[in-house]
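Take a look at the letters that make up each chain.
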Amino acid sequence: MTRTVSIAQARQGDSHTIKEVGIPSLVLMERAALGATGRLLNGDFDLTNVLVFAGTGNNGGDGLAIARMLHVRDIKVTVMLTGSEDRTSTETAQQLKSLHYYQIPVIPASTNLAGYTTIVDAIFGVGLDRPVGGKFADWVNAINASSAKVFSVDVPSGLNADTGEPQGATVKATATSTFAYAKNGFVTAQGKQYTGELFVEDIGVYLDDHYEG
Ligand SMILES: NC(=O)C1=CN([C@@H]2O[C@H](COP(=O)(O)OP(=O)(O)OC[C@H]3O[C@@H](n4cnc5c(N)ncnc54)[C@H](O)[C@@H]3O)[C@@H](O)[C@H]2O)[C@H](O)CC1
Ligand SMILES: [K+]
C-alpha cells in the first residue's frame, strides 16, 4: 500500500530537507520538474503544442522548470502566468529568468486555450488555502473544457490534498505527478476522479530520512 501523507507532513518534509538536510529548495524544484517531465515525455501526451498554466507560487515554479525542460527538447511550449512577474516566489522568479534566457513565451493567463494539445496544470499545489473562485475559476473551467489532455503538477489545482474534495473550481487531470509522497486525499474515490493516473516522484524528501522505494 503506497504511503500517503497530509499537507502538513509534506510541508514538514520539505522544510526538514531544506533546513536540516541542506538540499536547496531550487534543487528540490528541479528534481520535481525532472520527474514530471519524464512522465510527459513517456506518457501518451500529444506534445505538439504544450501550454504550462502557472501560478505565482512554487507549484508555478515547478511548471516553469518543466517548460524549460520541454523547450530544450525542441518541444513548442507557451507559459501562461496567473499574476505579474514581480509578484512571484523567489524560486519562481529564478525560473522566470531562465525562461527569458531561452525566450520561451510567457503570456498573461486567459481562457482562450484553443490549439494547445497538452496543458500542464501548475496553478496551485499544497499551498491552496481557500476555494478557487473568480478569475482563477474561469481559468480552471477553461482548462477542464479544453480538448487538450491535462497533466497536473503535485496536486490537481483546487483539490484539497488532505480530503480529496474539490475546493471550488478544480482541475480534472488525465494524470498527476506528486512529489515525495502521495497525499491522503489522492487515495479517496473522489480524489482519484481529479488526479487521474497518479505518479509519485522521488525528489530527495524522506520523512524518515531514508528512501522507502
Ligand atoms: N513538496 C516538496 O517537497 C516540494 C514542493 N514544491 C512545490 O511547491 C508547492 C507549494 O508551493 P507554495 O508556494 O507553498 O504554494 P502554491 O504554489 O501551491 O500556491 C501558491 C499561492 O497561491 C495562493 N492561493 C492559495 N489558494 C488560492 C486561491 N483559492 N485563489 C487564489 N490564490 C490562492 C496562495 O497565496 C499561495 O501562496 C507544492 O505543491 C509543489 O508543487 C517544490 O517545488 C519542490 C519541493
Ligand atoms: K497543480
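The chain is annotated in an unreviewed UniProt entry as NAD(P)H-hydrate epimerase from Secundilactobacillus hailunensis. Per UniProt, the comment on the chain under Sequence similarities (unreviewed entry) is "Belongs to the NnrE/AIBP family." Annotation of the chain in UniProt includes, under Function (unreviewed entry), the sentence "Catalyzes the epimerization of the S- and R-forms of NAD(P)HX, a damaged form of NAD(P)H that is a result of enzymatic or heat-dependent hydration. This is a prerequisite for the S-specific NAD(P)H-hydrate dehydratase to allow the repair of both epimers of NAD(P)HX."

Participant: Provide a residue-level description of the overall build of the chain, including the pertinent values.
Facilitator: Along its length, the chain carries six helices and nine strands. Against the 2.2 N^0.38 benchmark of 17 Å for 213 residues, the chain shows a C-alpha radius of gyration of 16 Å, consistent with a compact globule. Overall, the chain is about 45 × 35 × 35 Å in size when its C-alpha atoms are taken along their principal axes. For the chain, the proportion of its 213 residues judged to be buried stands at 51%. Just so you have it, the chain exposes about 9,600 Å², and 50% of that area is on carbon and sulfur atoms. Computing the positive centroid from 16 side-chain charges and the negative centroid from 22, the chain places the two 3 Å apart.

Participant: Run through the UniProt feature "domain: YjeF N-terminal" (unreviewed entry) in the chain, naming residues and quoting values.
Facilitator: In the numbering used here, UniProt assigns the "domain: YjeF N-terminal" (unreviewed entry) feature to residues 10-211. Note that residues 10-211 is 37% helix and 17% strand, and that its end C-alpha atoms are spaced 15 Å apart.

Participant: Describe in detail the site of ligand 1, supporting the description with residues and values.
Facilitator: Around ligand 1 sit 22 residues, and of these D14, D62, G125, R130 and D154 come closest. Interatomic distance of 2.9 Å between a side-chain N/O atom of R11 and an oxygen atom of ligand 1. Contact between ligand 1 and D14: an oxygen atom at 2.4 Å from a side-chain N or O atom of the residue. Considered on its own, ligand 1 offers 860 Å² of accessible surface; in the complex 84% of this is hidden by protein. The set of elements that each furnish at least two residues to the shell around ligand 1 consists of helix 1 (7-21), helix 2 (25-42) and helix 3 (58-71). Top contributing element to the shell around ligand 1 by residue count: helix 3, with three residues. Among the residues making up the shell around ligand 1, the classes are represented as eleven nonpolar, five polar and six charged.

Participant: Please provide a residue-by-residue account of the coordination of the potassium ion (ligand 2), values included.
Facilitator: For the potassium ion (ligand 2), every protein donor is listed as N59 (OD1), D121 (O), F124 (O), V153 (O), V155 (O) and S157 (OG), and the spread of their distances is 2.5 to 3.0 Å. If you look at the potassium ion (ligand 2), its six donor atoms make angles of 66 to 172° with each other, and the shape they trace is irregular. For D121, a relative accessible area of 0% puts it in the buried group.

Participant: Just give me the short version of the packing of aromatic side chains, but keep the residues and values in it.
Facilitator: Counting across every chain of the model gives six aromatic pairs. With a centroid separation of 5.0 Å and an interplanar angle of 85°, the aromatic rings of Y101 and Y102 are classed as edge-to-face. Centre to centre, the rings of Y206 and Y211 are 5.7 Å apart; their planes meet at 55°, and the pair counts as tilted. Owing to a relative accessible area of 21%, Y206 belongs among the partly exposed residues under this scheme. By the ring-pair criterion, three or more aromatic residues cluster together here, those being F53, F124, F136 and W139. Over the ring of F45 we find K149, and its NZ or CZ is 5.8 Å from the ring centre.

Participant: Give a detailed account of the environment of A65, specifying residues and quantitative values.
Facilitator: Mapped onto the fold, A65 is located in helix 3. Note on A65: relative accessible area 0%, which makes it buried. For A65 and S157, which are 92 residues apart along the polypeptide, the C-alpha to C-alpha distance reads 18 Å. In this structure, A65 is in contact with E30, A33 and Q95, ignoring residues within four places of it in sequence.

Here is what the cut-offs are and how they apply
- Residues numbered from 1 in each chain as written.
- Chains lettered and ligands numbered in written order.
- Predicted model: local features only at pLDDT ≥ 70, side-chain atom pairs only at ≥ 80, totals over all residues.
- Heavy atoms only, no water.
- UniProt positions renumbered as here; feature names shortened; annotations may be inferred.
- Helix = DSSP H or I, 4+ residues; strand = E, 2+ residues; numbered from the N terminus.
- Rg over C-alpha atoms; globule rule 2.2 N^0.38 Å.
- Buried < 20%, exposed > 50% of the residue type's maximum accessible area, 1.4 Å probe, protein only.
- Areas by Shrake-Rupley, 256 points an atom, 1.4 Å probe, with all protein chains shown as cover.
- Lys, Arg positive; Asp, Glu negative; His and termini not counted.
- Charge placed at Lys NZ, Arg CZ, Asp CG, Glu CD.
- Near = heavy atom within 4 Å.
- Polar contact = N/O pair within 3.5 Å; in protein donor to acceptor, adjacent residues only side chain to side chain.
- Nonpolar A, V, L, I, M, F, W, Y, C, P; charged D, E, K, R; others polar.
- Donors = N, O, S within 2.8 Å, 3.2 Å for Na, K, Ca; no water.
- Tetrahedral: all angles 85-135°; square planar, octahedral: opposite > 155°, others 65-115°.
- Phe/Tyr/Trp six-rings, centres within 6.5 Å; stacked < 30°, edge-to-face > 60°.
- Lys NZ or Arg CZ within 6 Å of the ring centre and 35° of its normal.
- Contact = heavy atoms within 4.5 Å.

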